[in-house]
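This is what each chain is made of:
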Number of protein chains: 2
Amino acid sequence: MDTLEQTVTNNSIIPNNVNQVNNVGIDPRDIGTPDNWVPRHPELVRLTGKHPFNAEAPLSLLMDQGFITPNSLHYVRNHGPVPKLQWETHRLTVNGLPYKEFPVTLCCAGNRRKEQNMIKQTKGFNWGAAATSCAIWKGVPLSHILKLAGVVDHKTDKPRYVCFAGCDKLPNGYYGTSLPLEWAMNDANDVILAYGMNGERLPPDHGYPLRVIIPGCIGGRMVKWLESISVSDKESDSYYHYFDNRVLPPEYDAERANKEKAWYNPDYIINKLNINSAITSPAHNERIPLSSFVSTKEYTIKGYAYTGGGQKVTRVEVSLDGGNTWLLAKLTQPELEHPAVLKRGINPIPRFWCWSFWSLSVPLYSFIRCEEISVRAWDSTHNTQPRSPTWNIMGMMNNCHFRVKVNTANQGKEFFLEFTHPTQPGNNPGGWMVKSEPPKAVKAPEPSISARTFTLKQVEKHNTEKDCLEAILINAGKDVTEEFNAIHSSKARSRLSNFYIGDLSDKSQPKL
Amino acid sequence: MDTLEQTVTNNSIIPNNVNQVNNVGIDPRDIGTPDNWVPRHPELVRLTGKHPFNAEAPLSLLMDQGFITPNSLHYVRNHGPVPKLQWETHRLTVNGLPYKEFPVTLCCAGNRRKEQNMIKQTKGFNWGAAATSCAIWKGVPLSHILKLAGVVDHKTDKPRYVCFAGCDKLPNGYYGTSLPLEWAMNDANDVILAYGMNGERLPPDHGYPLRVIIPGCIGGRMVKWLESISVSDKESDSYYHYFDNRVLPPEYDAERANKEKAWYNPDYIINKLNINSAITSPAHNERIPLSSFVSTKEYTIKGYAYTGGGQKVTRVEVSLDGGNTWLLAKLTQPELEHPAVLKRGINPIPRFWCWSFWSLSVPLYSFIRCEEISVRAWDSTHNTQPRSPTWNIMGMMNNCHFRVKVNTANQGKEFFLEFTHPTQPGNNPGGWMVKSEPPKAVKAPEPSISARTFTLKQVEKHNTEKDCLEAILINAGKDVTEEFNAIHSSKARSRLSNFYIGDLSDKSQPKL
């Protein structure tokens, strides 16, 4: 039993250092946006300009935190502004209900999407490999709430669903989605309505005061700022249930998908995570001076791996020869030893809800003639990752081998081996993957017709609802080059010239 | 409710033509073996010599049967002789119990193993791509029997298991294995004790009078000739539970596995099937005369796909350019329309227990410059098949892209395109995969010392238990070249010279 008050007191299963990473305050970038009241960590990499807030931690900083990610560094996926709710007045009361508290690794289905965007721009923004984090979530079992409401999971002729609706207001209505009822009603699946995260009340960016946590599934099903739950023989009617979190076959572009209504094909929905892994050491741009090479010296390659549906990551392998041969890495599953997991006891069939860490120590000289370090993981269904990415219009579920290139470089007389990751998150430059389809510059190709030059002062006057659609009002009157590039396809870019009226004279440099 | 008598009468959900494929009688190859009473289809490809009986249908013949495989063509995996039991006197009575009857595709975990054996000999024999078949199984829900026995699936501190033991007697004791209790107790998983197959009593090769059927899992867990069931906090103690049906990392040979007790590592057990697919049309050695090429003509590439754990095969793709681009195939799931499935109604979360068929019609001219046709499938966890096989000591769970080579050939003046599969089952020759490690011939390298020549007549006298170990008694006094080659590793072959005493003068040609 638990009360909301208790959730704010720290207890033994939450490590003391969690949530005490840095002073987290209001970020200057949030001033002038509806999120100007949400404290945020300054080092989070923003992937969609300043608003809405979608961010991942720098990969190395994420790994430095270990198994449990502090709230302020947990990846954030918001579709719009954070609803400004009051813990005190929000209606749902959780006093006296049973609760579960245990670690869960959340993963955005778009984790590692930038690798797909380098092949061809998808409809999604540039997640790097850190759209995954692990926290200790605390909440009421959903099955308990449903049973209180009289829901019985008896066999019916038709499948039934639990539909979740958030109270966020977005361009296409509320954010919502649904889950098969049977999955929600099976206690072993640990679906909870969470109000606590790492021993604190749920922070605004993570869906306060109440969100859904569905271990083993993609983050996109775990509705934040939860407003209503209903059980139905129909799936959620939210726009985002159909037009987000789907994997379409690679031959579908948006046009064909719309024409053939492929978004409604039940085969293309994503629920459970697939097997995935990434290399975190060596980090991007990490260097090893050749002068430090001694035959006895070792280097420890490290990374994470995760899978879905409660399956276990059973094996991680590293290749130093382009995938011809594979070396068995050491695999650690901190979940198995975590006090929160030990406290609740073991399931008859254990479920695995958290990431695993892996490491492999190799002699430093292994890198001298190595062109690439790659990693692949296997899970208890004996599935593994494919070698190459399969592009899809939403850029979802990318789980190909994570490949880090090894190059030589010099600085003056000193030679190094230098490691390069496939991409860097957001619009950050770097990475060995090169965009095969370079984005067209955000200006008209021909400065013809009635082209003029505007000063920023002139632009700043156009910042009211009369000047633009409501959805982009917060950016009105500003230089939005970065925001525009972060989320628009090359097709959208090519249509810009129709609206071209002139150039900005005192344009600030893109903040790369 | 059902009685055994009813199981032998055909009913509407069993297609009439099933089980009426050919006259199935005693195969001459079974004479002189303990199986000399078991009727068998003459066209089954025997993979381990004449005994024990392990066989798959020719891939094209299997596909010709459609969704449901007739009993006589269903793949068979036997570890030893078929126990000679009596329906009339066998103790377990199933009269009056509830039953389920529905189609399930069984797959041996060794399906497609020969592709691994071409890389390096594993400890397993040469399954082709037809170690999978689909039948309508009928039986009592295991959960019902367990509940009758007082088993309750409450949460315990330790995982619990259902252990199955068969009544077959094998060199290392009884064949047995176990399953987590929770999986068995969840009715939605459809675990049954089966006594009917395609409307007939369970045939001897398929485990009569009673076997376990565990949909979505590997065939190796579905104990045949079932003698006992027990619930325990320990896994099965059968030798075969640990030393069979495991996937070890590729760097493990048998010696290292034994030394490090890797067989007991719970991460390496196989239960659920992984995602897999194969091309069945074009068949191996199929030819298309170039003279038949007309620009309007199409060819339909076809095959099967399956996955495990009740997941659905959601997408199958074919590549004609070595995996650079992929074409979406048409996917049919006859399970969804099958009368047996319609009769029982839909689960709240549908489970998929059967193979899917896929097809893709391409213009015939697509093959002119095509070197290879490859296929890969995806399932609802969004996992797919890896491009290349990963060798493991047991040769299990091979699920790489199935690749058919396209070559040109001529016969007189006529030119053809000719298709070549990776391998042919058993010791049958053919296939583009070439053994990288050719088997050493079964004779001593140097005909030195006291080498003699024996006639077959002389050998035939040595056919009693005094002449050999019991396990090979049925082959004593015979030319066993084929039997030996089918199941021995190159290491075993290399040790043969220690036992070399001479050559056989009137040695029959290997029956290839």
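Just so you know, these numbers come straight off a predicted model, no measurement behind them. (Residues numbered from 1 in each chain as written. Chains lettered and ligands numbered in written order. Predicted model: local features only at pLDDT ≥ 70, side-chain atom pairs only at ≥ 80, totals over all residues. Heavy atoms only, no water.)

(A) The arrangement of the overall build of chain A in detail. Looking only at helices and strands, one finds 11 helices and 23 strands in chain A. The burial tally for chain A puts 56% of its 512 residues in the buried class. Relative to all contacts within chain A whose residues are 6 or more apart in sequence, the contacts with residues 24 or more apart total 72%. Working note: accessible area of chain A is about 22400 Å², and carbon and sulfur atoms make up 53% of it. (Helix = DSSP H or I, 4+ residues; strand = E, 2+ residues; numbered from the N terminus. Buried < 20%, exposed > 50% of the residue type's maximum accessible area, 1.4 Å probe, protein only. Contact = heavy atoms within 4.5 Å. Areas by Shrake-Rupley, 256 points an atom, 1.4 Å probe, with all protein chains shown as cover.)

(B) Molecular detail of the environment of Leu226(A). Mapped onto the elements of the fold, Leu226(A) is located in strand 11 (residues 226–232). Through-space distance from the C-alpha of Leu226(A) to that of Leu210(A) is 5.6 Å; in sequence the pair is 16 residues apart.

(C) Seen up close, the relation of the copies chain B and chain A. Mapping chain B onto chain A leaves a residual RMSD of 0.0 Å; the transformation is a rotation of 180 degrees accompanied by 0.0 Å of translation along its axis. In short, the pair behaves as if placed about a two-fold rotation axis. Within chain B, the C-alpha atom positioned nearest to the axis of rotation is that of Pro386(B), 2.4 Å from it. (Least-squares fit on C-alpha atoms with pLDDT ≥ 70 in both.)

(D) Quick look at the sheet that holds strand 16 (residues 327–328) of chain B. Ordered in space as 13-21-20-19-15-16 (chain B), the six strands form an open sheet in which the pairing is antiparallel. What marks the edges here is a single partner per strand, and that holds for strand 13 (287–289) and strand 16 of chain B. (Pairing = 2+ DSSP bridges.)

(E) Region of interest: the confidence of the model for chain A. Residues and elements named next belong to chain A. Summing up the model confidence of chain A, the mean pLDDT is 86 and the portion of residues at 70 or higher is 85%. Across residues 1–10, confidence stays below pLDDT 50; counting only partners more than four residues off in sequence or on other chains, it has 28 contacts. Note on residues 508–512: pLDDT under 50 across the span, and three contacts to partners over four residues away in sequence or across chains. (pLDDT = per-residue confidence, 0-100.)

(F) Region of interest: the interface of chain B and chain A. Between chain B and chain A, the residue contacts involve 48 residues of the former and 48 residues of the latter. When the two sides are added together, the surface that chain B and chain A hide from each other amounts to roughly 4000 Å², 49% of it contributed by carbon and sulfur. Scanning the region where chain B abuts chain A turns up four salt bridges. Here chain B is connected to chain A by 14 residue pairs in polar contact (both at pLDDT 80 or more). Among the secondary structure elements, those contributing two or more residues to the side of chain B that touches chain A are helix 5 (181–185), strand 15 (313–319), strand 16 and strand 19 (372–379) of chain B. Across the side of chain B that touches chain A, the residue classes tally to 23 nonpolar, 12 polar and 13 charged. (Buried area = accessible area lost by both parts, 1.4 Å probe. Salt bridge = Lys/Arg side-chain N within 4 Å of Asp/Glu carboxyl O. Polar contact = N/O pair within 3.5 Å; in protein donor to acceptor, adjacent residues only side chain to side chain. Nonpolar A, V, L, I, M, F, W, Y, C, P; charged D, E, K, R; others polar.)

(G) Broad picture of the pairing of strand 6 (residues 161–170) of chain A. All names here are of chain A. Judged by how many residues are buried, strand 6 sits mostly within the fold: nine of 10 residues are covered. Pairing of strand 6 with strand 7 (residues 173–180) involves seven bridges; the strand directions are antiparallel. Residue pairing across strands places Cys163 opposite Ser178, the latter belonging to strand 7. Counting the residues in the hairpin turn of strand 6 and strand 7 gives two residues. Two strands pair when backbone bridges link them, and strand 6 and strand 11 are joined in this way by six bridges, in the antiparallel orientation. Note on strand 11: the bridge partner recorded for Val162 is Val231.

(H) Just unusual backbone geometry, in detail. Residues and elements named next belong to chain B. Residue Pro52 is bonded to the preceding His51 through a cis peptide linkage, with omega at -10 degrees. Looking at the element boundaries, Pro52 is found in the loop between strand 1 (45–46) and strand 2 (54–56). Residue Pro282 follows Ser281 across a cis peptide bond; omega there is 5 degrees. As for its placement among the helices and strands, Pro282 is situated in the loop between strand 12 (276–281) and strand 13. Even without being glycine, Asn245 reaches a positive phi, approximately 55 degrees. Along the chain, the position of Asn245 falls in the loop between helix 6 (239–243) and helix 7 (254–259). Exposure remark for Asn245: the relative accessible area of 4% places this residue in the buried category.

(I) Representation of the packing of aromatic side chains. Counted by the stated rule, this structure contains 30 aromatic pairs over all chains. When the ring of Phe243(A) is compared with that of Tyr264(A), the centres are 5.8 Å apart and the planes differ by 90 degrees; the resulting orientation is edge-to-face. Within this pair, whereas Phe243(A) is found in the loop between helix 6 (239–242) and helix 7 (254–259), its partner Tyr264(A) is found in the loop between helix 7 and strand 12 (276–281), the two being separated by 21 residues in sequence. Residue classification places Tyr264(A) among the partly exposed residues on the basis of a relative accessible area of 43%. Ring centres of Trp37(B) and Tyr208(B) lie 6.1 Å apart, and the angle between their planes is 55 degrees; this geometry places the pair in the tilted category. With Trp37(B) in the loop between helix 1 (4–8) and strand 1 and Tyr208(B) in the loop between strand 9 (200–201) and strand 10 (211–213), this pair connects stretches of sequence that are 171 residues apart. Three or more aromatic residues link up through ring pairs in this structure, and these residues are Tyr175(A), Tyr239(A), Tyr240(A), Tyr242(A), Phe243(A), Trp263(A) and Tyr264(A). Sitting above the plane of the Phe53(A) ring, Arg40(A) keeps its charged end 3.8 Å from the centroid. (Phe/Tyr/Trp six-rings, centres within 6.5 Å; stacked < 30°, edge-to-face > 60°. Lys NZ or Arg CZ within 6 Å of the ring centre and 35° of its normal.)

(J) Representation of the sheet that holds strand 13 (residues 287–289) of chain A in the model. Residue and element names in this part refer to chain A. Ordered by their spatial adjacency, six strands build an open sheet running 13-21-20-19-15-16, and the pairing between neighbours is antiparallel. Here the strands that pair on one side only, and so sit at the sheet edges, are strand 13 and strand 16 (327–328). In this sheet, strand 20 (residues 402–411) lies alongside strand 19 (residues 372–379) in antiparallel orientation, the contact comprising four bridges. Of the residues in strand 20, the one forming a bridge with Val375 is Phe402.

(K) Quick peek at the side chain of Arg46(B). All names here are of chain B. With respect to the element layout, Arg46 can be found in strand 1. A polar atom in the side chain of Arg46 sits 3.2 Å from the backbone oxygen of Lys50. Excluding anything up to four places from it in sequence, Arg46 contacts Asp27, Arg29, Asp30, Arg40, Phe53, Asn54 and Ala55.

(L) Highlighting the side chain of Gln424(B). Examined against the element boundaries, Gln424(B) turns out to sit in the loop between strand 21 (414–420) and strand 22 (452–454). Once residues within four sequence positions are removed from consideration, Gln424(B) is found in contact with Lys114(B), His284(B), Pro429(B) and Gly430(B).

(M) Layout of the pattern of salt bridges. Residue and element names in this part refer to chain A. Within the structure shown, the criterion is met by 40 salt bridges over all chains. With its nearest N and O atoms 2.9 Å apart, the salt bridge here joins Arg287 to Glu418. Here the residue Arg287 occupies a position in strand 13, and Glu418 occupies one in strand 21 (residues 414–420), the gap between them amounting to 131 residues. Overall, the relative accessible area of 17% leaves Glu418 in the buried class.

(N) Just the environment of Gly80(A), in detail. Residue and element names in this part refer to chain A. Along the chain, Gly80 falls in the loop between strand 3 (76–77) and strand 4 (100–107). The buried category is assigned to Gly80, whose relative accessible area is 6%. Measuring from C-alpha to C-alpha, the distance between Gly80 and Thr464 comes to 19 Å, with 384 residues separating the pair along the chain. Those residues in contact with Gly80 that sit more than four places away from it in its chain are His51, Pro52 and Leu170.

(O) Just the environment of Pro34(A), in detail. Residues and elements named next belong to chain A. When you line up the elements, Pro34 lands in the loop between helix 1 (4–8) and strand 1 (45–46). On the basis of relative accessibility, which here comes to 35%, the residue Pro34 falls in the partly exposed class. Distance in space between the C-alpha atoms of Pro34 and Pro83 is 8.8 Å, their sequence separation being 49 residues.

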